[in-house]
Amino acid sequence: MPEGYTTLYNFSMDITLSVLKIVKLFQNGRYTKEEAIEKLNAVEAIVMCEAPKDDLEEYIESLQLSLLALFASCRKFLDGGYQSDIKTLVKDGRKIVEKDMEKALDIAADIG
């Protein structure tokens, strides 16, 4: 395992908790929908910036890919529109993932 991998993993946990805190503050009425989306966009902009070209590039890009679903899911929750039939969503996601990554991400966002 490359040096710094544990730090990268801990960083991903910190990002996840920060994003979920934004959603919780929205649920508690401390943030309006617009404020929550603005904060979510700010975190996403930092996380999704270009990965450095070094030994950790592959790991950072993998982390960024996994966090795409988190950001999409939270954004969908803030917009108030997501499905709840997980079994069907998982089946649909498996079928579509090779053909349409954008639709697969949308399904992952619905799953949360």
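My aim in this report is to walk through the structure given alongside it, one point at a time.

Calculation notes
- Residues numbered from 1 in each chain as written.
- Predicted model: local features only at pLDDT ≥ 70, side-chain atom pairs only at ≥ 80, totals over all residues.
- Heavy atoms only, no water.
- Helix = DSSP H or I, 4+ residues; strand = E, 2+ residues; numbered from the N terminus.
- Buried < 20%, exposed > 50% of the residue type's maximum accessible area, 1.4 Å probe, protein only.
- Areas by Shrake-Rupley, 256 points an atom, 1.4 Å probe, with all protein chains shown as cover.
- Core = buried A, V, L, I, M, F, W, Y, C linked by side-chain atoms within 4.5 Å.
- Contact = heavy atoms within 4.5 Å.
- Expected span 1.5 Å × (residues − 1).
- Arc of directions from axis to C-beta.
- Salt bridge = Lys/Arg side-chain N within 4 Å of Asp/Glu carboxyl O.

Next up on the list: the overall build of the protein. Counting secondary structure elements, the protein contains 5 helices and 0 strands. Taken from N to C terminus, the helices and strands of the protein fall in the order α-α-α-α-α. Burial analysis of the protein (112 residues in total) assigns 26% to the buried set. Of the roughly 7800 Å² of accessible surface on the protein, 54% is carried by carbon and sulfur atoms.

This next bit is on the nonpolar core. Of all hydrophobic cores here, the largest spans 16 residues; its most connected members are Ile15, Val19, Leu40, Leu67, Phe71 and Cys74. At the level of secondary structure, the elements contributing two or more residues to this core comprise helix 1 (5–27), helix 2 (33–47) and helix 3 (57–79). Beyond its immediate sequence surroundings of up to four residues, Val19 is in contact with Leu40, Val43, Leu70, Phe71 and Cys74.

What follows is about helix 2. Under the 1.5 Å per step criterion, the end-to-end length of helix 2 is 21 Å for 15 residues, consistent within 8% with the ideal 21 Å. Within helix 2 the residues assigned to the buried category are Ala36, Leu40, Glu44 and Val47. Projected down its long axis, helix 2 carries its buried residues within an arc of 70°, all on one side. Facing away from the buried side of helix 2, by more than 90 degrees, are the exposed residues Glu34, Glu38, Ala45 and Ile46. Elements in contact with the buried residues of helix 2: helix 1 and helix 3.

Relative to the elements of secondary structure, Gln64 occurs in helix 3. Look past the residues within four positions of Gln64 in its chain and what remains in contact with it is Val47, Met48, Cys49 and Ala51.

Another aspect to go through is the side chain of Glu44. One can find Glu44 in helix 2. Once you skip the residues sitting within four places of it in the chain, Glu44 turns out to touch Phe71 and Arg75.

To continue, consider the pattern of salt bridges. Considering all chains together, one arrives at 4 salt bridges under this definition. The partner of Lys33 in a salt bridge is Asp79, and the shortest N-O contact between them spans 3.5 Å. Separated by 46 residues along the polypeptide, Lys33 in helix 2 and Asp79 in helix 3 bring together distant segments of the chain. Judged by relative accessible area, which is 33%, Lys33 ranks as partly exposed. A salt bridge links Glu50 to Lys53; the shortest N-O distance between them is 3.7 Å.

Along the chain, the position of Lys39 falls in helix 2. Spatially, the C-alpha atom of Lys39 lies 9.9 Å from that of Ser18, the residues being 21 residues apart in sequence. Beyond its immediate chain neighbours, meaning those up to four positions away, Lys39 contacts Ile22 and Tyr31.

Taking 1.5 Å as the rise per residue, helix 1 with 23 residues should run 33 Å; its terminal C-alpha atoms sit 33 Å apart, in good agreement. Where helix 1 is concerned, the buried positions are Leu8, Ser12, Ile15, Val19, Ile22, Val23 and Leu25. Buried residues along helix 1 sit against helix 2 and helix 3. Within two residues after helix 1, Gly29 carries a phi angle of roughly 85°, on the positive side.

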